[in-house]
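# Descriptive structure summary
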Amino acid sequence: MAYQPKKRKMTAEINVVPYIDVMLVLLIIFMVTAPFVSQGVDVDLPKTQTSETIAQLNQDNDTPPIIVEVDKDGNLGVSINNDDMAHGLSLDELIARVKAELASNPKTLVMVGGDGRTPYSNIVETLDALSHAGVGSVGLMTDPLDKPGN
């Protein structure tokens, strides 16, 4: 009797184990690099000796402030409720977002931070637009000046 090999049925299966390994490595890479990704407008605030922290200004209100930033090129950004900075906004978009937040929470502080290299006219234009939009009080953000001996 002659040897007859068994006929094997061909199956087309994908081995997914290597793909799972690659996906786990990518997940780890993204988790490690995520804190280094900066979202926002790069602002180098001017330094002053008489600066207060937001916690000192916001003692009676536990809502985070609305932060408006103007970078050195005059580009606008806004952060509401400690969210990521939305940048590249027009003045009208910025005002609409601030007014919407103030409509739901009128005690929220509005802080404007301008880069030290920003032309003064860009800061004044932003403050004027906020004033015309009905924002009653706007604070200016600064960095504390390093004290000698520290």
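Each value, and the rule that gives it
Residues numbered from 1 in each chain as written. Predicted model: local features only at pLDDT ≥ 70, side-chain atom pairs only at ≥ 80, totals over all residues. Heavy atoms only, no water. UniProt positions renumbered as here; feature names shortened; annotations may be inferred. Patch = residues over 30% accessible without salt bridge, like charges linked within 9 Å, V, L, I, M, F, W, Y side chains within 5 Å. Areas by Shrake-Rupley, 256 points an atom, 1.4 Å probe, with all protein chains shown as cover. Salt bridge = Lys/Arg side-chain N within 4 Å of Asp/Glu carboxyl O. Helix = DSSP H or I, 4+ residues; strand = E, 2+ residues; numbered from the N terminus. Core = buried A, V, L, I, M, F, W, Y, C linked by side-chain atoms within 4.5 Å. Buried < 20%, exposed > 50% of the residue type's maximum accessible area, 1.4 Å probe, protein only. Contact = heavy atoms within 4.5 Å. Pairing = 2+ DSSP bridges. Axes fitted to C-alpha atoms, helices over the stretch in contact; angles between N-to-C directions. Expected span 1.5 Å × (residues − 1). Arc of directions from axis to C-beta. Right-handed = clockwise from strand over helix to strand, strands pointing away.

The name an unreviewed UniProt entry assigns to the chain is Tol-Pal system protein TolR, from the organism Photobacterium piscicola. Listed in UniProt under the heading Function (unreviewed entry), the comment for the chain reads: "Part of the Tol-Pal system, which plays a role in outer membrane invagination during cell division and is important for maintaining outer membrane integrity." Its UniProt record, at the heading Sequence similarities (unreviewed entry), says of the chain: "Belongs to the ExbD/TolR family."

### So, a nonpolar patch on the surface
Among the surface-exposed residues, I14, V16, Y19, I20, L24, L27 and M31 lie close enough to one another that they form a single nonpolar patch of about 760 Å² accessible area. Within the element layout of this structure, I14 appears in the segment before α1 (17-33).

### Considering the nonpolar core
Judged by nonpolar contacts, the single largest core of 18 residues is most densely connected at I66, V68, V78, V98, V110 and L130. Elements with a contribution of two residues or more to this core: β2 (66-70), β3 (76-79), α3 (91-104), β5 (110-114) and α4 (120-132). Among the elements that make up this core, the one with the highest residue count is α3 (four residues). When residues no more than four places from it in sequence are discounted, the contact partners of V98 are I66, V68, V78, V110, L130 and V135.

### Quick look at the pairing of β2
For β2, the tally of buried residues reaches five of five residues, placing the bulk of the element in the interior. Summarising the sheet, β2 and β5 pair through five bridges and their orientation is parallel. The partner of V68 across the bridge, within β5, is V112. Sheet analysis places β2 next to β3, joined by four bridges and oriented antiparallel. By the bridge assignment, E69 is partnered in β3 with G77. Two successive antiparallel strands, β2 and β3, enclose a turn made up of five residues, where G74 displays a positive phi of approximately 90°.

### Regarding the pattern of salt bridges
Under the criterion given, the structure shown has one salt bridge. Between D115 and R117 there is a salt bridge; the shortest N-O distance is 3.0 Å.

### Let's talk about the sheet that holds strand β4 (residues 86-89)
A sheet is described by the order of its strands in space; here five strands give the open sequence β4-β3-β2-β5-β6, paired in mixed fashion. Of all the strands in the sheet, the pair left with one neighbour each is β4 and β6 (138-140). Across this sheet, the average inter-strand angle for adjacent strands is 25°, counted without regard to direction.

### Let's talk about α3
The end-to-end C-alpha separation of α3 is 20 Å, in line with the 20 Å expected for 14 residues at 1.5 Å each. Within α3, the full set of buried residues consists of L94, I95, V98, E101 and L102. Projected down its long axis, α3 carries its buried residues within an arc of 135°, all on one side. Along α3, the residues that are exposed and aim more than 90 degrees away from the buried face are D92, A103 and S104. Looking at the buried residues of α3, the elements they touch are β2, β3, β4, β5 and α4.

### Re the pairing of β5
Most of β5 is tucked away, with five of its five residues classed as buried. Because side chains alternate across β5, one face comprises the buried residues V110, V112 and G114, and the other comprises M111 and G113, equally buried. Judged from the three bridges that link them, β5 and β6 form a sheet pairing that is parallel. Within the sheet, the bridge partner assigned to V112 lies in β6 and is L140. In this region the chain leaves β5, passes through α4 and returns to the parallel neighbour β6; the handedness of that crossover is right-handed.

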